[in-house]
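Analysis of the macromolecular model
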Amino acid sequence: MKISGVELRRLTMPLRSPFETSFGVATERDILLVRVATEEADGWGECVAMNDPLYSSEYTQGAHDVITRYFLPKLAAAPRVTAALVAQILAPFKGHPIAKAAVESAVLDAELRAVGTSFGDHLGAVRTSVPVGVSVGIMPSVAELIDTVGGYLDQGYRRVKLKIKPGWDVEPVRAVRERFGDELLLQVDANTAYTLGDAQRLAALDPFDLLLIEQPLPEDDLRGHAALSRLVKTPICLDESIVSARSAADAIALDACRIVNIKPARVGGYLEARRVHDVCAAHGVPVWCGGMLETGIGRAANVALAALPNFTLPGDISASERYFTRDITEPFVLRDGGLDVPQGPGLGVTPDPALLEEFTTAKHWFGF
Ligand SMILES: CSCC[C@@H](NC(=O)CCC(=O)O)C(=O)O
Ligand SMILES: [Mg+2]
């Protein structure tokens with residue numbers, strides 16, 4: 001496959017409503033899309049870095065810069081570029097997994113479209129639809145939280161995740177459990193907001209029969225998570241800490257987690273995400289697919305990944321309308337609490353040119 005060039009597009013897409021986490025409030029997405037142009041097909045990749053370096057060290061403008069300044073010249077100079085080679089070609093550049101994932105997934109999409117293979121088939125999907133959950137932000141009041149959760153349950157979501165932080169944890173969790181009953185699949189995500197000294201506070205969540213507590217401690221504190229797992233009954237799930245298949249193996253060996261949230265971009269791409277899936281499966285550790293408020297481009301790839309065998313818990317792969325009034329692709333719509341895995345070549349979805357133009361704030365072409 002010969003790449004003729006790469007287009008980087010920046011889009012600004014407003015969120016339907018503010019999304020508050022322990023690290024801030026998001027009201028719009030500053031999105032970077034990568035389009036890899038080849039004679040056979042164009043491939044699309046979504047850079048899912050947050051607007052600012054608050055979830056991880058990466059952010060949209062930084063990803064745009066590192067892709068422009070380092071990744072594209074390196075790829076243009078490579079004798080051969082395939083999706084399987086991208087990580088190796090870019091390996092000299094340290095870090096930037098989210099930016100690398102955007103480039104790799106665009107090359108993979110072009111490759112798969114050219115041969116007519118779907119993302120799901122290529123990755124090893126065993127399902128044609130996946131049950132999905134919804135992530136609910138920190139709210140101004142418990143009453144508003146209850147209304148919001150009720151609305152999502154009415155839409156059919158199979159699992160609810162509540163963002164928590166010190167001062168917003170036990171009370172909202174208790175209210176949701178009491179209002180919606182013991183059958184509700186319920187979990188929480190702290191985005192690293194606690195310390196081991198908060199163990200007793202986190203153990204106060206044990207009576208609510210949560211599926212998991214996601215990333216309670218800082219991303220580099222595997223020892224702390226292992227110690228916490230001996231003080232809290234609820235299973236610990238890691239997100240920000242899992243940056244590769246090797247780090248997943250380390251976290252499992254240290255008993256720092258019992259469940260893993262797989263976000264392909266956080267680990268450098270969908271190919272490494274499959275390796276994380278396989279390492280977790282080998283250790284009997286269930287996984288689920290995390291989300292980064294993706295457009296239909298990233299969402300399509302996540303639905304395909306979530307169809308792999310060890311994705312046994314509902315992921316943060318909501319319908320498009322959870323975040324966007326209008327998506328840039330055909331919207332993903334909830335059906336019986338799940339999303340259908342796209343069956344078309346590559347991602348199986350393509351951005352609508354008119355909507356793409358409407359949300360585009362900048363475009364850059366790099367000829368190879
Ligand atoms: C702005 S929060 C992004 C990271 C967060 N993602 C979610 O909560 C799910 C967001 C989604 O539904 O895409 C996480 O730490 O898991
Ligand atoms: Mg998380």
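All values reported here derive from a predicted model rather than from experimental measurement. (Residues numbered from 1 in each chain as written. Chains lettered and ligands numbered in written order. Predicted model: local features only at pLDDT ≥ 70, side-chain atom pairs only at ≥ 80, totals over all residues. Heavy atoms only, no water.)

1. Details of the side chain of Glu46
Our working definition: Secondary structure counts use DSSP, requiring at least four H or I residues in a row for a helix and at least two E residues in a row for a strand, with both numbered from the N terminus. Exposure is judged per residue with a 1.4 Å probe applied to protein chains only, and the accessible area is read against the type maximum: over 50% gives exposed, under 20% gives buried, and values in between give partly exposed. Here the positive residues are Lys and Arg and the negative ones are Asp and Glu; neither His nor the chain ends is included. Salt bridges, as used here, are contacts in which a Lys or Arg side-chain nitrogen is within 4 Å of a carboxyl oxygen on Asp or Glu. For the purposes of these results, a polar contact is taken to be a pair of N or O atoms within 3.5 Å, where, inside protein, one atom must be able to donate a hydrogen and its partner to accept one; residues adjacent in sequence count only when each atom of the pair is a side-chain atom. Residues are treated as being in contact if the distance between any of their heavy atoms lies within 4.5 Å.
Tracing the backbone through its elements, the reader meets Glu46 in strand β3 (residues 42-47). We note that Glu46 is buried and unpaired, the nearest opposite charge coming from Arg29 at a distance of 5.1 Å. Engagement of the side chain of Glu46 in a polar contact is seen with the side chain of Thr295, the distance being 2.6 Å. At 2.9 Å, the side chain of Glu46 forms a polar contact with the backbone nitrogen of Gly298. Sequence-distant contacts of Glu46, defined by excluding residues within four places in its chain, comprise Ile31, Leu32, Leu33, Ala102, Ser105, Leu293, Glu294, Thr295, Ile297 and Gly298.

2. Quick word on helix α8 (residues 222-229)
Counting buried residues in α8 gives 7 out of 8 residues, a clear majority hidden from the surface. Among all positions in α8, only Leu222, Gly224, His225, Ala226, Ala227, Leu228 and Ser229 are buried. Each element contacted by the buried residues of α8 is listed here: α7 (199-203), β9 (236-238) and α9 (245-253).

3. Considerations on the packing of α9 against helix α10 (residues 270-282)
The test is simple: The angle between two axes is taken between their N-to-C directions and runs from 0 to 180 degrees, where each axis is a line fitted to C-alpha atoms and a helix contributes only its stretch in contact. Relative orientations are named as follows: roughly parallel for angles under 35 degrees, roughly antiparallel for angles over 145 degrees, roughly perpendicular for angles from 65 to 115 degrees, and oblique for any other angle. Two helices cross in a left-handed way if the nearer one is turned anticlockwise from the farther one by less than a right angle. They cross in a right-handed way if the turn is clockwise. We call Asp, Glu, Lys and Arg charged. Ala, Val, Leu, Ile, Met, Phe, Trp, Tyr, Cys and Pro are nonpolar, and the rest, Gly among them, are polar.
Contact geometry of α9 with α10 gives a least axis separation of 8 Å together with a crossing angle of 25 degrees. The orientation of α9 relative to α10 falls into the category roughly parallel. At the point where α9 passes α10, the crossing takes the right-handed sense. Across from Ala245, Ala248, Ala249 and Ile252 in α9, the residues of α10 making contact are Glu272, Arg275, Val276, Val279 and Cys280. In the contact of α9 with α10, the residues fall into 7 nonpolar, no polar and 2 charged.

4. Quick look at unusual backbone geometry
Here Thr192, not a glycine, exhibits a phi torsion of approximately 70 degrees, which is positive. Positive phi, normally seen in glycine, also occurs at Leu293, with a value near 55 degrees.

5. Describing the domain arrangement of the protein chain
Put simply, the rule is: Bear in mind that the domain bounds are from an automatic or database domain assignment. Put simply, buried area is the surface a 1.4 Å probe can reach on two separate parts but cannot reach once they are joined, added for both.
Under the domain assignment, the protein chain is made up of domain 1 (3-116 + 352-362) and domain 2 (121-340). Centre-to-centre separation of domain 1 and domain 2, based on C-alpha positions: 23 Å. Buried surface at the junction of domain 1 and domain 2, summed over both partners, amounts to about 3000 Å²; 67% is from carbon and sulfur atoms. For the domain 1 face of the interface with domain 2, the top three residues by lost area are Arg16, Phe19 and Tyr55, together amounting to 23%. Seen at the junction of domain 1 and domain 2, the total is 15 residue pairs in polar contact (both at pLDDT 80 or more). Counting only elements with at least two residues in the side of domain 1 that touches domain 2, the list comes to β1 (3-21), β2 (24-38), β3, α2 (83-90), α3 (97-115) and α12 (353-359). Taken together, the residues that form the side of domain 1 that touches domain 2 break down as 22 nonpolar, 4 polar and 8 charged.

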